[in-house]
Amino acid sequence: MSKVLAAVAFATSTLFVLIWLKDFADFLDPLRVSTRLNASLALFVLSASLLLQLYAPILRRRHIDRGAQVLAALVFVLALVTLAQHLFGWHAFLDDWLVASSFKENYAPNAARICLASTWLLLASSAALFCMPLPGVRGFFPDQILAIGVAAVSLSALVGKAYGLDADCRIGSLVRTSPFSALSFLILSMGTLLARPERGFMPFLTNSQIGGKISRKLLIPALLLPPFMGWIEHLGRVEGGLGSAESEVFAVMGYIGVFLLLIFLNSRMLNRTETQRVRAEQNLQSAMEASAVGLWKTDVKKRLSVADARFCKILGLNKEENVERTQDFVLRIHPEDRDRAVWAFEKAIRQRCLYDEEIRILRPDGQIRWIRDRGQLVEGEAGSKWMAGAAVDITDLKHTEIENAALLAREQEAVKARDEFLSIASHELKTPLTSLKLQTQMHMRNMGRGDPQALAPDRMLRMIEANDRQIDRLTRLIDDMLDISRINSGKLSLQVEIINLSELIRDVAERMAPQFVAAGCELKVDCDPALQGQWDRFRIEQVLMNVLSNSIKYGAGKPVEISVLKKEPSVRMRVRDYGIGIAPENQERIFQRFERAGPNIPGTGLGLGLYIVREILKMHRGSIHVESQLGEGSVFVIDLPSKLFRGVA
Amino acid sequence: MKNNFKPVLVVEDDIDIRDTLQLILEEDRYPVMLAKNGQEALQVLSEREPPGLILLDIQMPVMDGKSFLKKIREQHESPLSKIPVVVLTAGGLQKIDPEPDDYLSKPVNIDRLMGVIEKYCRS
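Fair warning: this is a prediction, and the values are worked out from it, not measured in the lab.

### Here we look at the sheet that holds strand S5 (residues 102-105) of chain B
Residues and elements named next belong to chain B.
Now for step 1: One open sheet accounts for five strands, arranged S2-S1-S3-S4-S5; its pairing is parallel. With one partner strand each, in any of the chains shown, strand S2 (32-35) and S5 form the two edges of the open sheet. Within this sheet the neighbouring strands show an average axis-to-axis angle of 20 degrees, counted without direction.
Now for step 2: The pairing of strand S1 (residues 8-11) with S2 spans four bridges and is parallel. Bridging across to S2, Val 11 finds its partner in Ala 35.
Now for step 3: Contacts from helix H2 (residues 38-47) reach S1, S2 and strand S3 (53-57) within the one sheet, and its direction differs from that of S1 by about 160 degrees.

Right under this line is the structure:
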């Protein structure tokens, strides 16, 4: 806009200069432009200065601003000289220089000299353009003030001309300038005002808020309607032959109409904006409703906290609004989160930073909800301070998060157990293999060397015995691993039959006799020979053997006792040893996979024995636990229902 | 039986492997020292002449092979830290720090075993 104005001023002043210089008399005379040559030149230079300043911010060259200021300063000096001429009656060569010869007669002398009114306007305009690149003082910019002055004076000259006050735009003795000069000054000053729309008081007109919109819409009627009314009044008085009283009534009615129109336009615009605002607020409200965001604010000085309806819902209160002392509100936070929340809240107040915490809320009914609570300090008028924020219920999210973490932990645990199993299994399997291989290789070597002792019976027997032990060991390991695999895949099945327990114990004792002898343990059995039950013979033997081999392993050299009690509908079997015992913290652990009671005693199997025992007993709807103290031996207590299935004799 | 073969220290917790290794080595006329774990091996080293080679199992009770190896290698001034150590491993190729002089993976091939022992104990 301002560029258009500057360009128009530039073009018209160029035209005037050309007219004066080149003697376009035919074109000029009917128009009676009467803007003097020097004024035309000055306007030309000023509009050039304005154009330069308009492009300065785009081109970002500091010297463009400087050039524009120099141009403005030149015009200012010219205006000062002319002013001096007017005041002191001097003549200067400027008065009729350059003027085309045909005008010299019409306007001589002083054909080029600027009239006094234009001189004042020039002074102001050039000063305004000179000041444009300078910073403002307390939000006031001299260029804007000067430009407004110039615009007002030139507008009044134009209005005066329109009402026919004077042929040369005179209002009384105040303004006497040609209408074209006045128009040029008006255009130039508007251009100056609009050149920097972002500063001074221009934003009130140019901002994008409702005030700016209304000002922009009302500015044009406000500028155009009063002169129009004045013109109507003038017409009525001068042309229509109305008396001054009638024309004043007419004018007053006209002004009332104009004001009503402006008020109507204004209120319509405000209403429209208000409607938009209310709709936006409703949208926000329904969005908040849908998102279940609870709002709160806390008066930092009075220490009062306000919660809205949705926050009340999160807090478990059936209220539209909850106002309470902040210290009481804090009690709604879960005790474990309280200190953290309060600390973060106070920090946000002190450092004016964001408060953002995930905390638990304790509802009055004891329910716990997770919320994400965010807020920030808001400083109001007169030093009032608020923390204002929003809380979202994230309980479901949090539960998923916690579940996922637990799932991940279990998964990692399983992977760790598997790795451990692989490491133990490879060690346990390779130890007997190594022994076997060394034995066989050694004999092959000896035979290869032709050693006469290589095939001696005592040596062969020793080798075969050692190898047999290793093969048994491997078989046990592989059986254990197969059992684990069956248990894990749920494929372990029971072959249930009626079994005499006392016989079963005797069988096992016989089979394990060599081990008992080797370990120096004596086995004592106390069992009612008539005791029977429906069990899987092989599996119950396995249970007993695993428990007994444990007793031998950790209680070598001491007696082992088995006692069986009938405890309808189960039997209770107690296997007692007098070994190293098991610390309380390990008494549950030993029944888990790959766990062993001793801190790390290799060669004692895969750590699967008691796990398999417990799984087998579970399938029989029985159980096992241990009673023990370190250094005082252990008692493994096995509860085994006599009837696996109800109703079967 | 007179030769200048250096003795071998066998550190192994499994009695069958230990006994078999002893038999094999003694048949080839190497003097043998035995230990059930790292702790015992340290004891043996402190009481007897330094062996030409240590055959070391890794998974052992009381003091395992890794701790034992670390202990003797840390004694920089002592001649113990210079004794070659060959590790018997069961669990694939896991890195052991400090690095032993050689690895033998279980089940051990007797020819490789004797080759290693020859390398360090016959001079």
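On we go.
### A look at the interface of chain B and chain A
Size of an interface: often given as the accessible area lost when the parts come together.
Now for step 1: The partner chain A presents 23 residues to the 24 residues of chain B that form the contact.
Now for step 2: Carbon and sulfur atoms make up 54% of the area that chain B and chain A hide from each other, which totals about 2200 Å².
Now for step 3: A per-residue breakdown of the area chain B buries against chain A is headed by Asp 16, Glu 27 and Gln 59 of chain B, which together make up 24% of the total.
Now for step 4: Seen at the junction of chain B and chain A, the total is five salt bridges.
Now for step 5: Between Arg 469 of chain A and Asp 16 of chain B there is a salt bridge, with its nearest N and O atoms 2.8 Å apart.
Now for step 6: There are eleven residue pairs in polar contact (both at pLDDT 80 or more) connecting chain B and chain A.
Now for step 7: For the side of chain B that touches chain A, the element with the most residues is helix H1 (residues 15-27) of chain B, which contributes seven residues.
Now for step 8: Residue composition of the side of chain B that touches chain A, by class: twelve nonpolar, five polar and seven charged.

### Overview of the environment of Leu 121 of chain A
Residues and elements named next belong to chain A.
Now for step 1: Among the secondary structure elements, Leu 121 is positioned in helix H6 (residues 116-131).
Now for step 2: Taking the relative accessible area as the measure of exposure, Leu 121 reaches 5% and is therefore buried.
Now for step 3: Through-space distance from the C-alpha of Leu 121 to that of Leu 146 is 9.4 Å; in sequence the pair is 25 residues apart.

### As for a positive patch on the surface
Residues and elements named next belong to chain A.
Now for step 1: Positive charge collects at one region of the surface, where Lys 213, Arg 216, Lys 217, Arg 268 and Arg 272 lie side by side.
Now for step 2: Counting only elements with at least two residues in the positive patch, the list comes to helix H10 (210-238) and helix H11 (244-291).
Now for step 3: Element by element, the count of residues in the positive patch is highest for H10, at three residues.
Now for step 4: Counting through the fold element by element, Arg 216 comes out in helix H10.

### Regarding the confidence of the model for chain B
Residue and element names in this part refer to chain B.
Now for step 1: Overall, the prediction assigns chain B a mean pLDDT of 86, with 94% of residues at 70 or greater.
Now for step 2: When mean pLDDT is taken per element in chain B, S1 scores highest with 94 and S5 scores lowest with 86.
Now for step 3: Taken over the whole predicted complex, pTM reads 0.46, whereas the ipTM for its chain interfaces reads 0.85.

### So, unusual backbone geometry
With the exception of glycine, the majority of residues adopt a negative phi angle, and the majority of peptide bonds are in the trans configuration.
Now for step 1: In this structure, the amide linkage connecting Glu 568 of chain A to the following residue, Pro 569 of chain A, adopts the cis form with an omega of 0 degrees.
Now for step 2: Among the structural elements, Pro 569 of chain A can be located in the loop between strand S12 (560-567) and strand S13 (570-577).
Now for step 3: Along the chain, Lys 106 of chain B connects to Pro 107 of chain B via a cis peptide bond; the corresponding omega equals -5 degrees.
Now for step 4: The residue Pro 107 of chain B is located in the loop between S5 and helix H4 (110-121) in this model.
Now for step 5: The phi dihedral of Arg 352 of chain A is positive, around 55 degrees, even though this residue is not glycine.
Now for step 6: With respect to the helices and strands, Arg 352 of chain A occurs in the loop between helix H14 (335-351) and strand S6 (355-362).

### Quick notes on H2 of chain B
Residues and elements named next belong to chain B.
Now for step 1: Among the residues of H2, those classed as buried are Gly 38, Ala 41, Leu 42, Val 44 and Leu 45. The arc that holds every buried residue of H2, seen down its axis, measures 160 degrees, which confines them to one face. Looking at H2, the residues exposed on the side facing more than 90 degrees away from the buried face are Ser 46 and Glu 47.
Now for step 2: Of the surrounding elements, those touching the buried residues of H2 are S1, S2, S3 and helix H3 (65-74).
Now for step 3: Taking the backbone nitrogen of Gln 39 as reference, a side-chain oxygen 3.0 Å away marks Asn 37 as the first, capping residue of H2.

### Observations concerning the confidence of the model for chain A
Now for step 1: Mean pLDDT over chain A stands at 82; residues scoring 70 or higher make up 88%.
Now for step 2: This model gives residues 25-32 of chain A a pLDDT under 50, and the stretch forms eight contacts once residues within four places in sequence are excluded.

### Focus: the side chain of Gln 441 of chain A
Now for step 1: With respect to the helices and strands, Gln 441 of chain A occurs in helix H15 (residues 395-449).
Now for step 2: Here Gln 441 of chain A falls in the buried class, since its relative accessible area comes to 11%.
Now for step 3: Of note is the side chain of Gln 441 of chain A, whose polar atom sits 2.9 Å from the backbone oxygen of Val 108 of chain B.
Now for step 4: Apart from residues lying up to four places away in sequence, Gln 441 of chain A is in contact with Val 108, Asn 109 and Ile 110 of chain B.

### A word on the environment of Val 8 of chain B
Residues and elements named next belong to chain B.
Now for step 1: In this fold, Val 8 is placed in strand S1.
Now for step 2: Overall, the relative accessible area of 0% leaves Val 8 in the buried class.
Now for step 3: Along the sequence, Val 8 and Pro 50 sit 42 residues apart, while their C-alpha atoms lie 9.1 Å from each other.
Now for step 4: Sequence-distant contacts of Val 8, defined by excluding residues within four places in its chain, comprise Leu 25, Tyr 30, Pro 31, Val 32, Met 33, Pro 51, Leu 53, Leu 55, Ile 117 and Cys 121.

### Quick word on the packing of helix H4 (residues 62-88) of chain A against H6 of chain A
Residues and elements named next belong to chain A.
Now for step 1: Where H4 contacts H6, the two axes come as close as 8 Å, and the packing angle between them is 155 degrees. In terms of their interaxial angle, H4 and H6 are classed as roughly antiparallel. Considering only the axes of H4 and H6, their crossing is left-handed. On the side of H4, the interface is formed by Gln 69, Ala 72, Ala 73, Val 75, Phe 76, Ala 79, Leu 80, Thr 82, Leu 83 and His 86, while H6 contributes Leu 116, Thr 119, Trp 120, Leu 122, Leu 123, Ser 126, Ala 127, Leu 129 and Phe 130.
Now for step 2: Here the residues of the contact of H4 with H6 are counted per class, giving 14 nonpolar, five polar and no charged.

Conventions we followed
Residues numbered from 1 in each chain as written. Chains lettered and ligands numbered in written order. Predicted model: local features only at pLDDT ≥ 70, side-chain atom pairs only at ≥ 80, totals over all residues. Heavy atoms only, no water. Pairing = 2+ DSSP bridges. Helix = DSSP H or I, 4+ residues; strand = E, 2+ residues; numbered from the N terminus. Axes fitted to C-alpha atoms, helices over the stretch in contact; angles between N-to-C directions. Contact = heavy atoms within 4.5 Å. Buried area = accessible area lost by both parts, 1.4 Å probe. Salt bridge = Lys/Arg side-chain N within 4 Å of Asp/Glu carboxyl O. Polar contact = N/O pair within 3.5 Å; in protein donor to acceptor, adjacent residues only side chain to side chain. Nonpolar A, V, L, I, M, F, W, Y, C, P; charged D, E, K, R; others polar. Buried < 20%, exposed > 50% of the residue type's maximum accessible area, 1.4 Å probe, protein only. Patch = residues over 30% accessible without salt bridge, like charges linked within 9 Å, V, L, I, M, F, W, Y side chains within 5 Å. Areas by Shrake-Rupley, 256 points an atom, 1.4 Å probe, with all protein chains shown as cover. Lys, Arg positive; Asp, Glu negative; His and termini not counted. Charge placed at Lys NZ, Arg CZ, Asp CG, Glu CD. pLDDT = per-residue confidence, 0-100. Arc of directions from axis to C-beta. Parallel < 35°, antiparallel > 145°, perpendicular 65-115°, else oblique. Left-handed = near helix turned anticlockwise from the far one by under 90°.

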